[in-house]
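Commentary on secondary and tertiary structure
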Amino acid sequence: MLADSLNACLLIDEENHGANWNHCRAIVWASQQDCRVEIVEDDGLPVTGFAILPQEWVAKFPDNICSFYFGTGRPPQYHKQIAASLIEADKKQGDYITMERLLHGVCYSPPPNGISTILKNWNQTEAADYSVGDALGHPIIYPCYSLVGHADGLPVEQHPYNTPRIERHRAWRLARQIV
């Protein structure tokens, strides 16, 4: 089980409140911790060594949300920007890109000093990932190589756009697994 493998707290939405509600609940839980946390959805697939890999990113970007997954599929309107940003990072030998939005809630780490702002500005009507990222108002940091993959199963929640997802959920690039 993912929570056991990460020695993590597990927040289960037993009453089908939805992803937005449960992510907000996770942010509230994070606000009560004395350390920075990573929020990982149950369909996240951390690379080997994940327990230590996020530490350098959160240390380097203490005021930003660090997202450890960005993937193919939805939302399609950002894929050209992601591709162009990755190409630019490669040219400059950079190891991360920034985006104005949190595009995926699969795995991210909110900065402790921004959690109260996130909760104050939380939008209950948006997708969970947008609610998190838009509430803080800082660029989101994405390592060029995701630290978490994504299980490509059927969604458990009906999305507001009511169109079936046919796109694959895969990381654009996945970090090499370390032992």
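The present account deals with the structure reproduced in this document. (Residues numbered from 1 in each chain as written. Predicted model: local features only at pLDDT ≥ 70, side-chain atom pairs only at ≥ 80, totals over all residues. Heavy atoms only, no water.)

1. As for helix α4 (residues 79-91)
End to end, α4 covers 18 Å across 13 residues, agreeing with the expected 18 Å (1.5 Å per residue, within 8%). For α4, the set of buried residues is H79, I82, S85, L86 and A89. One face of α4 carries all of its buried residues, which in axial projection span an arc of 125°. Away from its buried face, by an angle of more than 90 degrees, α4 presents the exposed residues K80 and K91. Of the residues one or two after α4, Q93 is the one with positive phi, at around 55°. (Helix = DSSP H or I, 4+ residues; strand = E, 2+ residues; numbered from the N terminus. Expected span 1.5 Å × (residues − 1). Buried < 20%, exposed > 50% of the residue type's maximum accessible area, 1.4 Å probe, protein only. Arc of directions from axis to C-beta.)

2. With respect to the environment of A19
Tracing the backbone shows A19 in helix α2 (residues 19-31). A residue is classified by how much of its surface remains accessible, and A19, at 27% relative accessible area, is partly exposed. A C-alpha to C-alpha distance of 5.8 Å links A19 and A128, two positions 109 residues apart in sequence.

3. A short note on the packing of aromatic side chains
In total, this model carries four aromatic pairs according to the counting rule given. On the basis of an interplanar angle of 75° and a centroid distance of 6.3 Å, the ring pair of W57 and Y96 is categorised as edge-to-face. Here the residue W57 occupies a position in helix α3 (residues 53-60), and Y96 occupies one in strand β4 (residues 96-99), the gap between them amounting to 39 residues. Given the relative accessible area of 32%, Y96 is considered partly exposed. Between the aromatic rings of F70 and Y142, the centroid separation amounts to 5.3 Å while the plane-to-plane angle is 80°, which identifies the pairing as edge-to-face. With F70 in the loop between β3 (66-67) and α4 and Y142 in strand β6 (residues 140-143), this pair connects stretches of sequence that are 72 residues apart. For the pair F70 and Y142, a shared accessibility class is recorded, and that class is buried. Through a chain of ring-to-ring contacts, the aromatic side chains of W57, F61 and Y96 assemble into a single cluster. (Phe/Tyr/Trp six-rings, centres within 6.5 Å; stacked < 30°, edge-to-face > 60°.)

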